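Okay, here's what each chain looks like letter by letter:
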Amino acid sequence: MSTWEKTKGQMEEVAGSAIRKSAHAMGNEKLAAKGGALQMRRKARRLKEKGKDTLP
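Scope of this entry: the structure provided in the associated data block.

1. What about the pattern of salt bridges?
According to the stated counting rule, one finds 4 salt bridges in the structure shown. Between Arg-45 and Glu-12 there is a salt bridge, with the nearest N and O atoms lying 2.7 Å from each other. Taken together, the residues Arg-45 in helix H2 (residues 29–54) and Glu-12 in helix H1 (residues 3–26) connect sequence positions 33 residues apart. Since its relative accessible area comes to 26%, Arg-45 is described here as partly exposed. Residue Arg-46 is joined to Glu-13 by a salt bridge in which the shortest nitrogen-to-oxygen separation is 3.1 Å. Note that Arg-46 is positioned in helix H2 and Glu-13 in helix H1, a separation of 33 residues in sequence. Overall, the relative accessible area of 40% leaves Arg-46 in the partly exposed class. Within this structure, Glu-12, Arg-41 and Arg-45 form a network of salt bridges that share partners.

Reading the values: rules and limits
- Residues numbered from 1 in each chain as written.
- Predicted model: local features only at pLDDT ≥ 70, side-chain atom pairs only at ≥ 80, totals over all residues.
- Heavy atoms only, no water.
- Salt bridge = Lys/Arg side-chain N within 4 Å of Asp/Glu carboxyl O.
- Helix = DSSP H or I, 4+ residues; strand = E, 2+ residues; numbered from the N terminus.
- Buried < 20%, exposed > 50% of the residue type's maximum accessible area, 1.4 Å probe, protein only.

The structure is reproduced here in structure tokens:
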């Protein structure tokens, strides 16, 4: 994974967390779900890259 992809993923995770927490505080569940989706996208990318590293 390139440095840019790692940085982009970390930004997505931080932004997703901030969006999700602030949306929950405001009571906006739809926006909270979008924030959670950003976090899940980051986790999926991390797993994908981990899988690539284990292949011969």
